[in-house]
Each structure stands twice: as structure tokens, then as C-alpha cells.
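# Chain and residue survey
Below are the chains, spelled out letter by letter.
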Amino acid sequence: MKVYERLAEAFKAEGVTHIFGMMGDGNMYWLEALDKLGGVNMLEVRHEGVGLGMADGWARQTHGVGVCTATCGPGVTQLATAFVTAARAQSPLVAFVGEYPGRDQDYIQRFEQAPFAAACEAGFIRIATPEYADEAVRKAFYLAKLESRPIMLSAPMDVQQMKFEDEDPYVPSSTLLPKQRLVRADAQALEEAADIIASAKKPVIVAGRGALWSGAGEAVQTLGKRIGALIATSLRAKNWMADKEYHAGVSGLYATKTAINLFEEADVVIAVGASMNRYTTEHGYLYPNARYVHLDPRPHVMMGMGRSADCYLQTDGRVGLEALDAILAKRGHQSTGYRTGEVLERLANQYEDRTEFDIEAGTMDPRKLCRALDEVVPQSIGLLTGSGASAGFSTMNFIKPRPFIHAAQFFACIGQMLPAAMGMIQATGGKPLMLVEGDASTMMHLSDFDTAVRYNMPLLVVVLNDQALGSEYQKMVAHKMKAELSTVRTPDIGSVARAFGGRGALATTVDEVRKAAAEWVANPGPMIIDARISRNAITLAHRRVLYGKDE
Amino acid sequence: MIEINERFDVSCAAPRDVWKLLSDPHAVVECVPGAALGDEHEDGSFDGTLAVRFGPAKVTFRARIELALDDDKMTGSVTARGKDSQGGSRFRATMAFRVAGQAGHAGQGGSTVIIDGENEITGKLAGIVEAGARIVVKRMAAEFAENLAARCGGAQIKDKPQAAE
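All of these numbers come straight from a predicted model, not from anything done at the bench.

## What to know about the interface of chain A and chain B
Taken together, the 20 residues of chain A in the interface contact 19 residues of chain B. Every element with two or more residues in the side of chain A that touches chain B is listed here: helix 12 (257–264) and helix 24 (540–547) of chain A. It is helix 24 of chain A that contributes the most residues to the side of chain A that touches chain B, 4 residues altogether.

Next comes the structure, spelled out in C-alpha cells:
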């Protein structure tokens, strides 16, 4: 057996079912060996970074290890932005990449991949010898899961062709990790947290994706009811539990004016599975008078304003909340807090946006467009929001709860959500998914819409197309700069989608968007709606930071 | 750095009367929207607070305010430095003001108040508010001038500043 054959066996034994990437000299033997073994789907992409982005999407959706591949050297350098994004998203993934043969130091694709991986915030493991092959793969999967980060597994081409002389079956990484046990908070710390919560007149619970992953939904509602809490989420858990009472939406710059006014009154914030980074609390300014109770399974989390919670509980989100509720129940604690009818009334209309803009002919108000899509596309369909100015519109105007809503913004780069969307579709066994993106973002990896077409993915991409780098456009206008410099014409992206073999539409009115989206809902497949939006409409976030307005 | 240049006329009041008002820190602070004056220190400086809404974030600054006055020349300056209650941002503001006879109204007793100032915000808030801070500060300066003028009584504001600058 050759080393590359053993490596293929090892990946299959790790339980890998999907690999995303591009074939090259450095990985083609391994890919052929995997094909021979069967049961592993290799999805070919048009840019190596898109393969990694798909693995990242897979990881975000399943919380399991996503796998991608690229050849050596130039295949690896293409991974940079996707690697950093995955690292910031804390996505467990293994990137199997080739590496130049060590015996040929002048090899044209020679590249020092270890420092590159480090700069990309990824772990690095080299399969330096045939004897190390099993351990290297095992360690890559182990570290990806343990540290929840991307790992580059680098396989020199000459080592891949060497003999592997071990008849014993591969031992997968699952044998290294102890059975997942729930992290439970210290009893004394729980009492201290309960003291703080019991003293609260206006408590807010901020639930993040960690709470979502721990299945803490019911526990949030139960505790919230007992203490009269307002419920908010981080951006990562947007619209989660939005159909329940006293839901204030996202905590951060994407909060509504009503929510911000309510947050300001908070005297205790209970954060669950949320990092409470600078965006979630606006550096603490959103909750000027609050004490914090912070629940997270990690040993400790420093909040975005460089502060630590008044009481930190290292605990699984659900278990921690249940324990707190039990203590408060024992003490007979029950409080009205925010839960007066008046607050409910204020929250009922919180998403109304009364600011009017002069919408140019042949374009639409992106807010109305997003509201229409939220109506037409059923709640059972997951949503991905994009980057730049487009996210400012989609985040504020998609208000229905959905099985999942994933936001970009891990590295504030553009172009990463089309790959993530494709990976998520594979991860959900081919469930329809809608991505609402900007035009520059869509154009960046448009070649990989071909991948969505080749694998017939039920993916709807709605492009909020302002024919500009929208965020820069809005900033340049505010700074009285030459904003035309940020305008970049696109083709009719709907017709490009059709040329790729998918479906596509160009829309200049909300009705045209409704019609096209309804067609996709009736028969989901790869489709792009190029929706032309106004440049005069300014996102609420930009109205706030650029113009000092609060609505 | 955010510069402030405000100028307004008080047609119905003599420079000396306007100066009396301007040289009383309590009267001046009452004209600053969101400001409150605290204790006076031995060296003549004051504690003060200023609550400002930058877009969504309401920020309360605590400051030490120093006032320097030249009664004869009817000129003065205010220096305030401080940080916000979260401790994430610092600010420094200097403002020079003077009262002069109203131009073009010689002999009619009117006054003109001229204010030139510089504001600097550093730290976390600076990143949140971007261009918005400039607008908020300009808006506040304009409101301050308006309040002060109104306090002087029946004054009119010349060249009302543009909020969007």
C-alpha cells in the first residue's frame, strides 16, 4: 500500500462523507484512492478558497469537522482569506493539501506552507514520514475538534508515494477524545449569580450561538419568565425564539431604537453562549448601568469592552440556566421586570423604519425588498446574510424565525457566504437555502455558482445590487468624498446564472422579486435574482455611525 | 479633531452684560445640552458631567473643567478633559470665546459672541461613531449657541450653522 492510499483509508475511517476542493498534482492520488474506496463525495470547485469556505459552512451548520482539499503551493495560497474566516468563526475543519517533494528543492510550486498556515491562524501538521501518516491524520481531526479551528494537513508529494507498511486498521480520532460531558458550574458561583439576578429590576438575557448549540431555548424562556427578562440574541443567533414574547431582537448596532432604549434601563445582563464582543454590547455602551452574569463552557471569556463579567459561570448554557432557575424557584423568586404590557406594545412595532429615501427610478428600496422576501420565502427555509451594506439591510428586515440564520462578518471580508451556503446545503442533506448578498460579494466568487449548478443545489442567491461597493459608497458620501469611485457596474447577474445552466432573473421592482422568489420556492434549484437597489437608501447602522442619527 | 466655529449676535444686549453671563460657569453649563456642573475644586476648576447620545449609544462623560477669564478683554477659555463612565473613551475639549460689539450696529449696543473650539475623542467610541461624532458635536455646539443666545434675551442667531456639515 502507498501512503496516499492509507491516507484515503484514514479519512474514510474518520467518518468523512464530503470533501470540497480542487484537484491538482498534490492531492489527485489521494482523491483517486478515496474514489476507489467509495462513500465519500468529492465536490469540485472553481477556486480552492471556495472549497475551504464550503467546509467552513459545513462546520458551522453541523458543528462537526468540515473537510476540504487543495494541491500544493498555489493551491494553498488561494486558501488564505477562507482560512482566516474559518479560524475567526471557530470552525473545526481539516484541509488536506499537497506539499512540494522535499527531495526537489527547486520544485516550481515550492512554498513554505507552515508559516503560511500560522499567518492564516490555522494549525499545521506535516506528514513528514510514512510512519507518521496515521498519527498525523488522527491528530489533525483531534485538534480541529478540540480547539474548534481549521488545521492544515500537509502531505509532501514524495512521502505520499512511499510505501506504507502497517496492516492494522486505522484508529480514528474519536478514540482520543473523552465522551462529551456537559460542563457544570460551581455551586458557589451559581449562588452568587442567583444573588445578582434576584436583585435585578430590569434583566436582559442575551443568547448567543453557544446557547443555541446547547439547546437552551426552553431554559431561556423559563428563566426569562421567572425574572421578567427581555430576551435578546447576539447576531449569531439572530431571530432565534423571535416568535416568543418579549423578544427584543439582536443586541448591538443591529438593535432597533426601541430595543436600545430598553437595553439602556438594564441593571443585569445574563449572557449565555455569547462572547459579548464589542459588537454585541457596543463596547458596553448599550448597557451603561448593568452588571453581568456570563455563562459559557469555556474556562473564561473576556467581554469586548475588556471587562470581565461580575459573575462568570463556566457551564453549558442549558444546564447553567436550568440550575439558576432551580435556585431562584427554591428562593420563591418571581419578578415582573420588563414584562409589563407596555413593553410588549413597544416591541410590537419595533421594526418599523419610518425614514424615507429618494429611491431612484429603476431601483427598489432594499428594506422593502427584504421584507417581501421574508414573506414569500417560507419560514422553514434557512437564511444566510452577506457582507457590506447588504447585511445592514437584510439583518434589520428579515424578522421571522427560521431553522437557521447565519451572518457573515467573522473577518469582515466579502465573498465568503456563497461558499458557506453551498457547504451548508450539503450539510443539511440538500435542503433549500436562501443567501441575500451584495453585488461585489457575489461577483467575487460568481465562477463558483457553476458549482451550485453542477451539483444542482437548491440555492437562491438574491443580490442586493447597488452597482457599487455599497458600504464604501455610503461612507464616501458621508465624508464628502468622490463617491463615484466606489461604483462598479455589474452585468445582469441573472442572465449569467442562466448561462451557467441555472435559473436567473433581473428585477427592478419588488413585485418582480416576489414573482421570481415564488418560482424558486415552488421549484428550488440553483438560481440568482439580480435585484437592483437604490444607492440613496442608507442602512440603519450607517445612519447611526455616519450621521449620528438613532433611527 | 473636531473644530467648532460658532458666532452669534445678541442685538439687544450690551457686550458687558453678555460677558457677565458668559463668565458665570453655571449659566454657561446650563446652556450645554446634557451637561451638569458638579463641585468646585480649590484651584477653581469644576467637576462636570455630559451625557451625549452618539447614534444608539448614550455616553456619559465625567470631566474636569477649567475656566480662564480675562475680564478686561472680555475673553475666556474653557478646557475640559475626561473619560466616559465605561472608561473606554477619553475626550479633550478646548473652547475660546469672546464678546465684541456687534459689527454694523455701532452705537446701538448690540453684541457678538465668537466661539472657537477643538474637540478630540479617542478610544473605543471613536471607532463606533466615525463621521457621526463630528455631526453630533456640531449639532451640540449649534444648540449651545442657540441656548446661550436665547438666554441673553431676544437674540437672533446669525449664520445658523448647518447640522450636516
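## Observations regarding the sheet that holds strand 5 (residues 75–84) of chain B
Residues and elements named next belong to chain B. As summarised here, the arrangement of the 7 strands in space is 1-7-6-5-4-3-2, forming an open sheet in which the pairing is antiparallel. Since the sheet does not close on itself, it has two edges, and those belong to strand 1 (2–10) and strand 2 (35–40), each with one partner. For this sheet the average axis-to-axis angle between neighbouring strands, irrespective of direction, equals 20 degrees. Bridge analysis of strand 4 (residues 57–70) against strand 5 gives 10 bridges, and the strand direction is antiparallel. For Phe61, the partnering residue across the bridge sits in strand 5 and is Asp84.

## With respect to the environment of Gln113(A)
All names here are of chain A. For Gln113, the location among the structural elements is in helix 6 (residues 113–119). Each C-alpha atom, one on Gln113 and one on Ser394, is 38 Å from the other, the two residues being 281 residues apart in sequence. Once you skip the residues sitting within four places of it in the chain, Gln113 turns out to touch Val76, Val97, Glu99, Met152 and Ser154.

## So, the packing of helix 11 (residues 217–227) of chain A against helix 14 (residues 317–330) of chain A
Residue and element names in this part refer to chain A. Two elements in contact, helix 11 and helix 14, have axes separated by 9 Å at closest approach and are oriented at 30 degrees. As summarised for this structure, helix 11 and helix 14 are arranged roughly parallel, according to the angle between their axes. Two packed elements cross with a definite hand, and for helix 11 against helix 14 that hand is left-handed. Contact with helix 11, carried on its side by Ala219, Val220, Thr222, Leu223, Arg226 and Ile227, involves Arg318, Leu321, Glu322, Leu324, Asp325 and Leu328 of helix 14 and no other residues of that element.

## Overview of the pairing of strand 3 (residues 46–54) of chain B
Residues and elements named next belong to chain B. As defined by bridge partners, strand 2 adjoins strand 3 across 4 bridges and the pair is classed as antiparallel. In the sheet register, Glu40 faces strand 3, and the bridge partner there is Phe46. What sits between the antiparallel neighbours strand 2 and strand 3 is a turn of 5 residues, in which Gly44 has the positive phi angle 90 degrees. In this sheet, strand 4 lies alongside strand 3 in antiparallel orientation, the contact comprising 9 bridges. Looking at the pairing, Arg53 lines up with Lys58 of strand 4.

## What about helix 18 (residues 417–427) of chain A?
Counted residue by residue, helix 18 of chain A has 11 buried out of 11 residues, so it is predominantly covered. If you check which residues of helix 18 of chain A are buried, you get Met417(A), Leu418(A), Pro419(A), Ala420(A), Ala421(A), Met422(A), Gly423(A), Met424(A), Ile425(A), Gln426(A) and Ala427(A).

## Observations concerning unusual backbone geometry
Peptide bonds are mostly trans, and most non-glycine residues show a negative phi. Residues and elements named next belong to chain A. In this structure, Gln90 is a non-glycine residue whose phi angle is positive, near 55 degrees. Among the structural elements, Gln90 can be located in the loop between helix 5 (80–88) and strand 4 (93–99). With a phi angle near 50 degrees, Ser148 is a residue other than glycine that sits in the positive phi range. Of note, Ser148 is situated in the loop between helix 7 (133–147) and strand 6 (150–156).

## Regarding helix 24 of chain A
All names here are of chain A. Extensive coverage of helix 24 is indicated by the burial of 8 of its 8 residues. Those residues of helix 24 that sit buried are Leu540, Ala541, His542, Arg543, Arg544, Val545, Leu546 and Tyr547. Just downstream of helix 24, Gly548 is the residue with a positive phi angle, here 65 degrees.

## Some thoughts on the pairing of strand 16 (residues 459–465) of chain A
All names here are of chain A. Counting buried residues along strand 16, 7 of its 7 residues qualify, which places the element largely inside the surrounding structure. Taking every second residue as pointing to the same face, both faces of strand 16 are buried, with Leu459, Val461, Val463 and Asn465 on one and Leu460, Val462 and Leu464 on the other. As defined by bridge partners, strand 15 (residues 433–438) adjoins strand 16 across 6 bridges and the pair is classed as parallel. Looking at strand 16, one finds that Leu435 is bridged to Val461.

## Some details on the sheet that holds strand 10 (residues 268–272) of chain A
Within a sheet, neighbouring strands are paired by backbone hydrogen bonds and run either parallel or antiparallel to one another. Residues and elements named next belong to chain A. Pairing is parallel in the open sheet, where 6 strands are placed in the order 9-8-7-10-11-12. The open sheet has two edge strands with one neighbour each: strand 9 (247–250) and strand 12 (311–314). Across the sheet, the axes of successive neighbouring strands diverge by a mean angle of 15 degrees, strand direction being ignored.

## Some remarks on the environment of Met22(A)
Residue and element names in this part refer to chain A. For Met22, the position within the fold is in the loop between strand 1 (18–21) and helix 2 (28–37). Spatially, the C-alpha atom of Met22 lies 35 Å from that of Asn239, the residues being 217 residues apart in sequence. Here Met22 is in contact with Glu44, Val45, Glu48, Gly51, Ala70 and Gly75, once residues within four sequence places are set aside.

## Regarding the domain arrangement of chain A
Residue and element names in this part refer to chain A. When cut into domains, chain A gives domain 1 (3–175), domain 2 (187–348) and domain 3 (366–547). Centre-to-centre separation of domain 1 and domain 3, based on C-alpha positions: 31 Å. In this complex, domain 1 contributes 23 residues to the contact, which on the side of domain 3 involves 20 residues. Of all the secondary structure elements, the ones that give two or more residues to the side of domain 1 that touches domain 3 are strand 1, helix 3 (48–62) and helix 5. Ranked by residues supplied to the side of domain 1 that touches domain 3, first place goes to helix 3 with 10 residues. Across the side of domain 1 that touches domain 3, the residue classes break down as 10 nonpolar, 9 polar and 4 charged.

## As for the confidence of the model for chain B
All names here are of chain B. The share of residues in chain B with pLDDT of 70 or more is 85%, and the mean pLDDT across the chain is 80. Per-element confidence in chain B is highest for strand 5, whose mean pLDDT is 89, and lowest for helix 3 (residues 124–152), whose mean pLDDT is 77. In the model, residues 155–165 has pLDDT below 50 throughout and makes 26 contacts with residues more than four positions away in sequence or in other chains. For this predicted complex, the interface confidence score (ipTM) comes to 0.73, while the overall pTM stands at 0.91.

Parameters and conventions
Residues numbered from 1 in each chain as written. Chains lettered and ligands numbered in written order. Predicted model: local features only at pLDDT ≥ 70, side-chain atom pairs only at ≥ 80, totals over all residues. Contact = placed C-beta atoms within 7 Å. Helix = DSSP H or I, 4+ residues; strand = E, 2+ residues; numbered from the N terminus. Pairing = 2+ DSSP bridges. Axes fitted to C-alpha atoms, helices over the stretch in contact; angles between N-to-C directions. Parallel < 35°, antiparallel > 145°, perpendicular 65-115°, else oblique. Left-handed = near helix turned anticlockwise from the far one by under 90°. Buried ≥ 20, exposed ≤ 12 C-beta atoms within 10 Å, placed from the backbone. Domains from an automatic or database assignment. Nonpolar A, V, L, I, M, F, W, Y, C, P; charged D, E, K, R; others polar. pLDDT = per-residue confidence, 0-100.

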